[in-house]
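# Fold and geometry: a report
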Amino acid sequence: MTGKNERELADLLRAAIAGDERCYSAFLDRVAGLVRAYARGKITHGGVDAEDVVQEVLLAIHLKRHTWLPEAPVLPWVYAIARFKLIDAFRRRGRRVEIDVDDIAETFAQPEVETVSERDIGRALEGLAPTQRSVVAAISVDGRSVEETARKFEMTETAVRVALHRGLAAIARRFGRE
Amino acid sequence: MNTQDLIRAMAADTRRQALPLGTAWRVAMGLALVLAGAVFALALGPRPDALASLETARFVFKFVVTLALAASAFVLLRRLVRPGEAARAPLGWLLTGPLLLIAAVGLELLAVPSSDWAERLIGVNARVCLTFIPLIGAAPLVVFLAVLRHGAPTRPALAGAVAGLLAGGMAGAFYAAHCPDDSPLFVATWYSLAIAGLAVAGAVLAPRLARW
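From a predicted model like this one, the values you see are computed outputs, not experimental measurements. Once a new chain begins, its residue numbering starts again from 1 and follows that chain's sequence as written. Labels follow written order: the first chain is A, the first ligand is 1, and so on. The predicted origin of the model limits local features to residues at a pLDDT of at least 70 and limits the giving and counting of side-chain atom pairs to 80 or more, whereas totals for whole chains, interfaces and linings rest on all residues. Note that the side-chain values use all heavy atoms of the structure and ignore hydrogens as well as water.

### Comments concerning the overall build of chain A
What counts here: Only runs of H or I of at least four residues qualify as helices and only runs of E of at least two qualify as strands under DSSP, and these elements are numbered from the N terminus. The classification of residues rests on relative accessible area computed with a 1.4 Å probe and restricted to protein chains. Under 20% of the type maximum is buried, over 50% is exposed, and intermediate values are partly exposed. Note on contacts: a residue pair qualifies if any of its non-hydrogen atoms lie within 4.5 Å across the two residues. Using a 1.4 Å probe, the Shrake-Rupley method yields the accessible areas, and only the shown protein chains count as cover for residues.
In terms of helices and strands, chain A carries 8 helices and 0 strands. When the helices and strands of chain A are listed from N to C terminus, the series reads α-α-α-α-α-α-α-α. Within chain A, the proportion of its 178 residues that are buried is 48%. Restricting to contacts in chain A with at least 6 residues of sequence separation, those with at least 24 account for 65%. Just so you have it, chain A exposes about 8,900 Å², and 52% of that area is on carbon and sulfur atoms.

### Thoughts on the domain arrangement of chain A
Put simply, an interface is often sized by how much accessible area is lost when its parts join up. Residue and element names in this part refer to chain A. Which entries qualify depends on this criterion: Where each domain begins and ends is defined by an automated method or by a domain database. Here's the idea: put two parts together, see how much 1.4 Å probe accessible area each one loses, and the total over both is what we call buried area. A 3.5 Å cut-off defines polar contacts: any pair of N or O atoms within that distance qualifies, except that in protein one atom must be a possible hydrogen donor and the other a possible acceptor, and neighbouring residues in sequence count only when both atoms are side-chain atoms.
Partitioning chain A into structural domains gives domain 1 (1–119) and domain 2 (121–178). Summing the contributions of domain 1 and of domain 2, the shared interface buries around 890 Å²; its carbon and sulfur component is 58%. Considering only the side of domain 1, the residues that lose the most area to domain 2 are Leu59, Leu63 and Arg92, jointly responsible for 48% of the buried surface there. The interface formed by domain 1 and domain 2 includes 0 residue pairs in polar contact (both at pLDDT 80 or more). When residues in the side of domain 1 that touches domain 2 are grouped by element, the largest group, 6 residues, is from helix α3 (residues 50–63).

### Examining helix α9 (residues 184–209) of chain B
Residues and elements named next belong to chain B. Operational definition: Multiply 1.5 Å by the residue count of a helix minus one, and that product is the helix's expected span. Bend, at a single residue, is the angle you get between axes fitted to the 7 residues ending at that residue and the 7 residues starting at it.
In this model α9 runs 35 Å from its N-terminal to its C-terminal C-alpha over 26 residues, within 8% of the 38 Å that 1.5 Å per residue would give. If you look at α9, its biggest bend is around 25 degrees, right at Ser192. Burial in α9 covers these residues: Pro184, Leu185, Phe186, Val187, Trp190, Tyr191, Ala194, Ile195, Leu198, Ala199, Gly202 and Ala206. If you follow the buried residues of α9, they end up packed against α4 (57–80), α5 (96–111), α6 (117–122), α7 (126–150) and α8 (156–176).

### Some points on the UniProt feature "transmembrane region" (unreviewed entry) in chain B
Note the threshold: UniProt positions are given in the numbering used here, feature names are shortened, and annotations may be inferred rather than shown by experiment.
Feature annotation in UniProt assigns "transmembrane region" (unreviewed entry) to the following positions: residues 24–45, 57–77, 89–112, 124–148, 157–177 and 189–210 of chain B. Summarising residues 24–45 of chain B: 91% helix, 0% strand, and an end-to-end C-alpha distance of 29 Å.

### As for the nonpolar core
Just so we agree on the cut-off: Definition of nonpolar core: a set of buried residues of the types Ala, Val, Leu, Ile, Met, Phe, Trp, Tyr and Cys, connected through side-chain atoms within 4.5 Å.
Counting 62 residues, the largest nonpolar core has Phe27, Ile61, Val74 and Ile171 of chain A together with Met10 of chain B as the members making the most contacts within it. Listed by contribution, the elements that provide at least two residues to this core are α1 (2–17), α2 (21–42), α3, α4 (75–92), α6 (130–140), α7 (146–153) and α8 (157–177) of chain A together with α1 (3–12) of chain B. There are two domains that each give this core at least three residues, and those are domain 1 (1–119) and domain 2 (121–178) of chain A. In this structure, Phe27 of chain A is in contact with Leu9, Leu12, Leu13, Ile61, Val74 and Val78 of chain A, ignoring residues within four places of it in sequence.

### A look at α7 of chain A
Defined as follows: When we speak of the arc, we mean the arc of directions from the helix axis to the C-beta atoms.
Buried residues of α7 of chain A: Val146, Thr149 and Ala150 of chain A, and no others. All buried residues of α7 of chain A fall inside an arc of 100 degrees around its axis, so they share one side. Packed against the buried residues of α7 of chain A are α6 and α8 of chain A together with α1 of chain B. Once α7 of chain A finishes, Glu154 of chain A follows within two positions and takes phi at roughly 55 degrees, a positive value.

### Here we look at the packing of aromatic side chains
Applicable threshold: Pairing of aromatic rings covers Phe, Tyr and Trp, the last counted by its six-membered ring, and requires centre-to-centre distances within 6.5 Å; plane angles under 30 degrees mean stacked, over 60 mean edge-to-face, and any other angle means tilted. Only lysine NZ and arginine CZ atoms are considered, and such an atom sits over a ring when it is within 6 Å of the ring centre and within 35 degrees of the ring normal.
Here the structure, examined in full by the defined rule, presents 9 aromatic pairs over all chains. Between Phe40 of chain B and Phe174 of chain B, the ring centres sit 5.7 Å apart and the planes meet at 40 degrees, which makes this aromatic pair tilted. With Phe40 of chain B in helix α2 (residues 21–43) and Phe174 of chain B in helix α8, the pair connects residues that are 134 residues apart, well separated along the chain. On the basis of relative accessibility, which here comes to 22%, the residue Phe174 of chain B falls in the partly exposed class. One aromatic cluster is present, built from ring pairs that chain together Trp25, Phe74 and Phe144 of chain B. Cation over ring: Lys85 of chain A sits above Trp212 of chain B, and NZ or CZ is 4.9 Å from the ring centre.

### Observations regarding a nonpolar patch on the surface
Residue and element names in this part refer to chain B. Which entries qualify depends on this criterion: Patches in this entry comprise residues that are over 30% relatively accessible and not in a salt bridge; like charges within 9 Å are linked, as are nonpolar side chains (Val, Leu, Ile, Met, Phe, Trp, Tyr) within 5 Å. For salt bridges, the criterion is a side-chain nitrogen of Lys or Arg within 4 Å of an Asp or Glu carboxyl oxygen.
On the surface, Leu51, Leu54, Val60, Val64 and Leu100 cluster together into a nonpolar patch covering about 420 Å² of accessible area. Note on placement: Val64 falls in helix α4. Exposure remark for Val64: the relative accessible area of 40% places this residue in the partly exposed category.

### Focus: unusual backbone geometry
All names here are of chain A. At Glu154, a position not held by glycine, the phi torsion is positive, near 55 degrees. You can see Glu154 is positioned in the loop between α7 and α8. Taking relative accessible area as the criterion, Glu154 reaches 74% and is therefore assigned exposed.

### Things to note about the pattern of salt bridges
Summed over all chains, the structure comprises 15 salt bridges over all chains. Ionic pairing is found between Arg14 of chain A and Asp11 of chain A, a salt bridge with its closest N-O pair at 3.0 Å. You can see Arg14 of chain A and its partner Asp11 of chain A sitting in helix α1, 3 residues apart, about one turn around the helix. According to the relative accessible area criterion, Arg14 of chain A is partly exposed, its value standing at 35%. Owing to a relative accessible area of 45%, Asp11 of chain A belongs among the partly exposed residues under this scheme. The residue Lys62 of chain B makes a salt bridge to Asp182 of chain B at a minimum N-O spacing of 2.8 Å. A residue pair is termed long-range when its members are at least 10 positions apart, and Lys62 of chain B in helix α4 and Asp182 of chain B in the loop between α8 and α9 qualify at 120 residues. Accessibility assignment for this pair places Lys62 of chain B and Asp182 of chain B in one class, buried.

So, in structure tokens, the structure goes:
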């Protein structure tokens, strides 16, 4: 089962890198499930929110996907990022933690779904420059396409893409500081 | 923003691709060589008998050992910027340079009477060595730290230290063409100290500069 998971995820990520948005979406969705299960398993006391870790890991995967070699296995890459970010999150909360590099246990973890909580929609967007914030919100929260967003704000599609990318990078940086 | 919203935003950003790491490394190595070479040429330049000295084993060995260190550090560093590969990076390769150096020191101790050991170890140029290896290696170290920042080192301090060894090995090879001290005893003492300084600088700077 793990082998199948690995193959499917690697295929999805390869297609995503070639530019397929749907495959990328599917990849991130499945990875979110795995990372959520991993984070919930490792966070035994409070202080660190598992869903924050999931989002931070997804952003890191997104911004660092060029560090994956298309012929390399994808799950060890994903879990190495997840482990790094989880340790970072614990450290920011002032906890000392040791997390084993236990790939076997991790890869057999069942994916888990996000529990719907009252997450503050604005929180991640707060620190962004105004243009970035409107573009990221239009695409993520309102679910508009890049074309629709460009029309709505009377921007070029290129400008929308740039604002979106910079906005995501800024959110990732904010996670690292909180 | 919930996780599904975030995934939607990232999917819309699919087409934007970062510079591949292979390209980043090629650019970085080229840039590091040019910068190190420029500092070397402006500040020191090769010693007058550098070409003729290529026939002496001790002179040539200085390049062998520094380049062996740089090569092993480079191979390792390429892995340390990729998550998932960093954990099983073959650190043992780094021993190539030090082991060569230990062997050369052994041969030197056999070849040279013990009354000359101290003189050869101290040499004439220790201060220049301690000054210029870090100076020549500083710009390459900055370049390599920029690659670490572009990559995703999960062991940033280690990656920074190895970046320092790579910069130091490179700087040592340039500096070797200038330095009149060829004894492995000198190299083992002063080159090692200077290169270790760059490694420490890398280990301290990388976790700060290469945050991701």
